[in-house]
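Coordinates in review
If you want the building blocks of each chain, they are given just below.
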Amino acid sequence: MPKEYALIDCNNFYASCERAFRPDLRGRPLVVLSNNDGCIIARSNEVKDLGVGMGTPYFKCKAQLERHGIAVFSSNYALYGDLSARVMRVLTRFCPHVEIYSIDEAFVDLSGIPGGATQFARRLRATVEQWTSIPVSIGIGPTKTLAKLTNKFAKQQPRCHGVFNLNTSPDPDRVLRWTEIGDIWGIGPRHAKRLRKLGVNNAFDFRSLKQDWVKKKMTITGLQTLLELRGLPCHGLEAGPVSKKTIVSSRSFGHPVTSQEHLLEATAQYATRAAEKLRKQRSVASHILVFLQTNKFRLGQPQYSNTVSIPLIVSTAHTPTLIKAAQAGMTRIYREGYAYKKCGVMLSGLEASNGRWLSLLDIPPDAHSRHTPIMEAVDACNARWGRDTVKFAASGINGSWRMRREMRSPRYTTTWDELLGVQT
Amino acid sequence: MLKHTSIPSQRMPWVIGKLTNNGKALPLAGEAVPAGFPSPADEYLERPLDLNEYVAPRPEATFFVRVSGDSMIGAGIHHDDILVVDRSQQAVPGNIVIAFVDGEFTVKRLIRDGTELALAPENPDFSTIPLTLDTTFEVWGVVRHVVHKV
């Protein structure tokens, strides 16, 4: 009996978030811009069809967007983070084992689910959309790599209605032939280019390659991808190639953890690790999501899981800032009286630390090395003369001039002043 | 997702010693550290009441919206009140709903009007909105509670 891994992926996530409180925008083309309205970071399907490229600087395509009547939004990570947390909460409510993979993707293990994985996935998809208004696609396969490419198939083939199960497909090779080499999870653009030159154009071609050759040319990572494509699981939940959109740091505990103190310690540890990864890839994050879960498999024990997302006022890779935000999030979702199995953090809204669009109060990239001594001095002042004696202007002043976000939608779910208004 | 580091084999005993904290459990994975006498009240500690649990048993599907207008006064919904909206429930006639009708949101009671559905106000000064075949209509969520300042 093969494993049944499912990848649940939100469709055009940021665009779907913008539509959640604006049903009038359904079916209308829309784009979301990066921080400071720099360039396009998300497109609805209608915009993809018009051929407006991802990453296009806004000033370059402004005229084109206007001509086509495309709705333009500044990024609203408070909204995206909250809706992401809601989607993940629905998944953890209904699925025994969830790995939050990125802001809009999660793997779940549906092996042996009563009634069958396909049927369950269809109901799950309908539930997520009804509860959160976010449409998702679900791909199921015997390995995570196959689940991932099946997901793309499910999303792009209208007759799948958003769900496809490779395990029960009469012709699984068709899906593999359909998957381009560069779209395989774990095969980077450099390898993809080289493979294409050798006539290896899709997942089916790649799967037929010799193990030794792949291992020699593409190391153990390539070999794992090959085996996964052949249906041999190499990655369990919480393992596999890292996401480029987000950085996740989380682990299941060896023993159940009950105390808040320990969870805060763990949270700090994961935030630190995530910050290290972030700096290593020379990025900064604008959002942090914190989650915790009890053990779903312990029947008869009280269950609780929660996810919260915290916007960072200034995009950062500064460990203390990230720890503080992560711990604040953990404090908010922690409930006493439960035995926790797992917690973690996820950084999103990632941008290159240089070459990003700075706001007035952003720390210039070359100042990052000087940042730590400054932080220490600030902390020392505040410790001596009281909290907020010295603070960053960015943390206290409420002004929309903080960052260029001229077209940001309301923060419907995180700010009392920006709730959806309805006429009776 | 852990970072993988290679460790020379001669350093392994040292590393294993560190990882297992020389035989003692690591603080993160272990139980709470016993310190002093356990309080006899520990067993009975309870959390204070959380209004969220009462109004939003399914927080992931619960949204707040702000009302303007007077057409639902009869249902206790006043101008500037906050409504607690649940998207996890299928709307049935009799529910007060947030409906999206012809490009706009409105709060009304969903009723059965003969064989058709309609959106009824709770204020005699307003009239019922019939839902005919050429109305674009959907229920965005079901209103569960009103938060009203007194």
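About the criteria used
- Residues numbered from 1 in each chain as written.
- Chains lettered and ligands numbered in written order.
- Predicted model: local features only at pLDDT ≥ 70, side-chain atom pairs only at ≥ 80, totals over all residues.
- Heavy atoms only, no water.
- Helix = DSSP H or I, 4+ residues; strand = E, 2+ residues; numbered from the N terminus.
- Contact = heavy atoms within 4.5 Å.
- Areas by Shrake-Rupley, 256 points an atom, 1.4 Å probe, with all protein chains shown as cover.
- Buried < 20%, exposed > 50% of the residue type's maximum accessible area, 1.4 Å probe, protein only.
- UniProt positions renumbered as here; feature names shortened; annotations may be inferred.
- Patch = residues over 30% accessible without salt bridge, like charges linked within 9 Å, V, L, I, M, F, W, Y side chains within 5 Å.
- Salt bridge = Lys/Arg side-chain N within 4 Å of Asp/Glu carboxyl O.
- Lys, Arg positive; Asp, Glu negative; His and termini not counted.
- Charge placed at Lys NZ, Arg CZ, Asp CG, Glu CD.
- Pairing = 2+ DSSP bridges.
- Axes fitted to C-alpha atoms, helices over the stretch in contact; angles between N-to-C directions.
- Polar contact = N/O pair within 3.5 Å; in protein donor to acceptor, adjacent residues only side chain to side chain.
- Nonpolar A, V, L, I, M, F, W, Y, C, P; charged D, E, K, R; others polar.
- Parallel < 35°, antiparallel > 145°, perpendicular 65-115°, else oblique.
- Core = buried A, V, L, I, M, F, W, Y, C linked by side-chain atoms within 4.5 Å.
- Phe/Tyr/Trp six-rings, centres within 6.5 Å; stacked < 30°, edge-to-face > 60°.
- Lys NZ or Arg CZ within 6 Å of the ring centre and 35° of its normal.

What follows covers the overall build of chain A. Within chain A one finds 14 helices and 14 strands. A sequence separation of at least 24 residues applies to 69% of the contacts in chain A between residues at least 6 apart. Accessible surface computed for chain A: about 19,300 Å², of which carbon and sulfur atoms make up 52%.

This part is about the overall build of chain B. The secondary structure content of chain B amounts to 2 helices and 7 strands. Traced from its N-terminal end to its C-terminal end, chain B shows the element sequence α-α-β-β-β-β-β-β-β. Taken across its 150 residues, chain B has 33% of its residues classed as buried. Here the analysis covers contacts within chain B between residues at least 6 apart in sequence; of these, 51% occur between residues at least 24 apart. Of the accessible surface of chain B, which amounts to about 10,100 Å², a share of 57% is contributed by carbon and sulfur atoms.

Attention shifts here to the UniProt feature "domain: UmuC" (unreviewed entry) in chain A. Those residues carrying the UniProt feature "domain: UmuC" (unreviewed entry) are residues 5-188 of chain A in this numbering. Between the end C-alpha atoms of residues 5-188 of chain A the distance is 22 Å, and the span holds 42% helix and 20% strand.

Right, let's get into a positive patch on the surface. All names here are of chain A. On the surface, a cluster of positive charge is made up of Arg190, Arg194, Lys216 and Lys217. Of all the secondary-structure elements, those providing two or more residues to the positive patch are helix 8 (189-197) and helix 10 (211-229). Tracing the sequence through the fold places lysine 217 in helix 10.

Quick look at unusual backbone geometry now. All names here are of chain B. Despite not being glycine, aspartate 80 has its phi angle at roughly 75°, a positive value. Its location among the elements puts aspartate 80 in the loop between strand 1 (62-68) and strand 2 (82-86). With a phi close to 45°, aspartate 102 is a non-glycine residue in the positive phi region. Its location among the elements puts aspartate 102 in the loop between strand 3 (96-101) and strand 4 (104-113).

Residue and element names in this part refer to chain A. If you trace the 5 strands from one edge of the open sheet to the other, you get 5-6-1-7-8, paired in mixed fashion. Two strands close off the open sheet at either side, each with one partner strand: strand 5 (98-102) and strand 8 (163-165). Taken pair by pair, the neighbouring strands of this sheet meet at an average axis angle of 15°, ignoring direction. Two strands pair when backbone bridges link them, and strand 1 (residues 5-10) and strand 6 (residues 105-109) are joined in this way by 5 bridges, in the antiparallel orientation. Directly across from tyrosine 5, in strand 6, lies its bridge partner aspartate 109. Helix 5 (residues 117-132) rests against strand 1, strand 7 (136-141) and strand 8 of the sheet, and its axis sits at about 165° to strand 7. Strands in contact with helix 6 (residues 144-156) are strand 1, strand 5, strand 6, strand 7 and strand 8; relative to strand 7, the strand with the most contacts, it is inclined by about 140°.

This part takes up the interface of chain A and chain B. Interfaces are frequently sized by the accessible area removed from exposure as the parts join. If you look at the interface, chain A gives 42 residues, while chain B gives 41 residues. Joining chain A to chain B, the criterion identifies 3 salt bridges. One salt bridge in this structure joins B:Glu138 and A:Arg26, with 2.6 Å as the shortest N-O distance. Inspection of the chain A/chain B interface yields 19 residue pairs in polar contact (both at pLDDT 80 or more). Secondary-structure elements contributing two or more residues to the side of chain A that touches chain B are helix 4 (77-94), strand 5, helix 5, strand 9 (247-257), helix 11 (260-280) and strand 14 (420-423) of chain A. Among the elements that take part in the side of chain A that touches chain B, strand 9 of chain A stands out by supplying 8 residues, more than any other. Residue classes in the side of chain A that touches chain B are distributed as 17 nonpolar, 12 polar and 13 charged. Across 4 bridges, strand 14 of chain A lies against strand 1 of chain B in parallel orientation. In the sheet register, A:Leu420 faces strand 1 of chain B, and the bridge partner there is B:Val65.

Moving on to the sheet that holds strand 2 (residues 30-33) of chain A. Residue and element names in this part refer to chain A. Read from one edge to the other, the open sheet built from 3 strands follows the order 3-2-4, with strand pairing classed as mixed. The sheet is open, and its two borders are formed by strand 3 (40-43) and strand 4 (71-74), each paired with just one other strand. For this sheet, the mean angle separating the axes of adjacent strands, direction not counted, is 25°. As judged from the 3 bridges shared by strand 2 and strand 3, these two strands associate in the antiparallel manner. In the strand pairing of strand 3, valine 32 is matched with alanine 42.

All names here are of chain A. Put simply, helix 6 and helix 10 touch, their axes get as near as 7 Å, and they point 70° apart. The angle between helix 6 and helix 10 falls in the class roughly perpendicular. Here helix 6 contributes Lys144, Thr145, Leu146 and Leu149 to the contact with helix 10, which in turn contributes Thr225, Glu228 and Leu229. Counted by class, the contact of helix 6 with helix 10 contains 3 nonpolar, 2 polar and 2 charged residues.

Here we take up helix 1 (residues 13-20) of chain A. For helix 1 of chain A, a buried count of 8 out of 8 residues is recorded, marking the element as mostly surrounded by other parts of the structure. Where helix 1 of chain A is concerned, the buried positions are A:Phe13, A:Tyr14, A:Ala15, A:Ser16, A:Cys17, A:Glu18, A:Arg19 and A:Ala20.

Now for the nonpolar core. Counting residues in each nonpolar core, the largest one holds 65 residues, and the members touching the most others are A:Phe13, A:Leu91, A:Ile138, B:Leu83, B:Ile98 and B:Val107. Among the elements that make up this core, the one with the highest residue count is helix 4 of chain A (9 residues). Within the second largest apolar cluster, 32 residues are counted, among which are A:Leu292, A:Val308, A:Ala317 and A:Met330.

Okay, the packing of aromatic side chains next. The geometry of an aromatic ring pair is captured by two quantities: the separation of the ring centres and the angle between the planes. Scanning the entire structure with this criterion turns up 21 aromatic pairs over all chains. With 4.4 Å between their ring centres and 10° between their planes, A:Tyr14 and A:Tyr80 make a pair best called stacked. A residue pair is termed long-range when its members are at least 10 positions apart, and A:Tyr14 in helix 1 and A:Tyr80 in helix 4 qualify at 66 residues. Each member of the pair, A:Tyr14 as well as A:Tyr80, is classed as buried. One aromatic cluster is present, formed by A:Phe21, A:Tyr412, B:Phe63, B:Phe100, B:Phe105 and B:Trp140 through successive ring pairs. Over the aromatic face of B:Phe63 sits the side chain of A:Arg86, whose NZ or CZ is 3.9 Å from the ring centroid. Sitting over the ring of B:Trp140, B:Arg87 keeps its end group 5.2 Å from the ring centre.

The subject of this paragraph is the packing of helix 1 of chain A against helix 4 of chain A. Residue and element names in this part refer to chain A. Where helix 1 contacts helix 4, the two axes come as close as 10 Å, and the packing angle between them is 95°. In terms of orientation, helix 1 lies roughly perpendicular with respect to helix 4. Here Phe13, Tyr14, Cys17, Glu18 and Ala20 of helix 1 come into contact with helix 4, specifically with Tyr77, Leu79, Tyr80, Leu83 and Ser84. For the contact of helix 1 with helix 4, the class distribution of residues is 8 nonpolar, 1 polar and 1 charged.

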